Amino acid sequence: MSDTLFAKIVRREIPADIVYEDAEVLAFRDLNPQAPVHVLFIPKRAISTLDAARGEDALLLGKLTLAAAAYARAQGFSEQGYRCVINCNADGGQTVYHLHLHLLAGRSMHWPPG
């Protein structure tokens, strides 16, 4: 596994406010939230970027998005709405090179996002 901040969270080497976990996905609250609800969903198996994902990663990426949707339903904000974002590389806004999905909710989202 890589040695990113998120890999260290998966290995429990640094603390995080974990809100969801299964065999392949871990989710925790973002330390710099951009909405009242801002949770990061990551695969436990490191993939550096969305661009680095391959066909064999399709099931894992599906599990990542379904975990985010299940969390939104369980927390009661799915019907009001939420946004899921995956940033890719520097110009896409990615700062940690361990693929992650941002789940944002609790306020009205605007378009374009910025």
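Structure: above.
These notes cover the structure that comes with them. The model shown is predicted, which means the values in this text are computed figures rather than measured ones.

Before going further, it helps to spend a moment on helix H2 (residues 58-75). Its 18 residues give H2 an end-to-end C-alpha distance of 26 Å, which sits within 8% of 26 Å, the value for a rise of 1.5 Å per residue. Within the sequence span of H2, burial applies to Leu60, Leu64, Ala67, Ala68, Ala69, Tyr71 and Ala72. Buried residues along H2 sit in contact with strand S1 (18-21), strand S2 (25-29), strand S3 (37-43), strand S4 (82-85) and strand S5 (101-105). One or two residues past the end of H2 sits Gly76, with phi positive at roughly 85°.

Here we come to the pairing of S5. Within S5, five of the five residues are buried, which leaves it mostly tucked inside the rest of the structure. Where S3 and S5 come together, five bridges link them in antiparallel fashion. In the sheet register, Leu40 faces S5, and the bridge partner there is His102. Bridge count between S4 and S5: four bridges; the pairing is antiparallel.

What follows concerns the pattern of salt bridges. This structure, assessed with the given rule, holds seven salt bridges. Notably, a salt bridge pairs Arg11 with Asp3, separated by 2.9 Å at the nearest N-O pair. The class for Asp3 is exposed, based on a relative accessible area of 55%. The partner of Arg12 in a salt bridge is Glu21, and the shortest N-O contact between them spans 2.6 Å. In this structure Arg12 comes out as partly exposed when scored by relative accessible area, which is 44%.

What counts and how
- Every chain is numbered on its own, with residues counted from 1 as its sequence reads.
- A pLDDT threshold of at least 70 governs which residues receive local features in this predicted model, and a stricter bar of 80 or more applies before side-chain atom pairs are shown or counted, although totals over entire chains, interfaces and linings include all residues.
- Excluded from the side-chain calculations are hydrogens and water; all other atoms, namely the structure's heavy atoms, are used.
- The way it works is that DSSP assigns letters per residue, a run of H or I at least four long becomes a helix, a run of E at least two long becomes a strand, and they are numbered from the N terminus.
- For a helix, the expected span equals 1.5 Å multiplied by the number of residues minus one.
- For each residue, the accessible area found with a 1.4 Å probe, counting protein chains only, is set against the maximum for its type, and the residue is called buried under 20%, exposed over 50%, and partly exposed in between.
- Any two residues having at least one pair of non-hydrogen atoms within 4.5 Å are treated as being in contact.
- Whether two strands pair depends on DSSP finding at least two bridges between them.
- Only one rule defines a salt bridge in this text: a Lys or Arg side-chain nitrogen within 4 Å of an Asp or Glu carboxyl oxygen.

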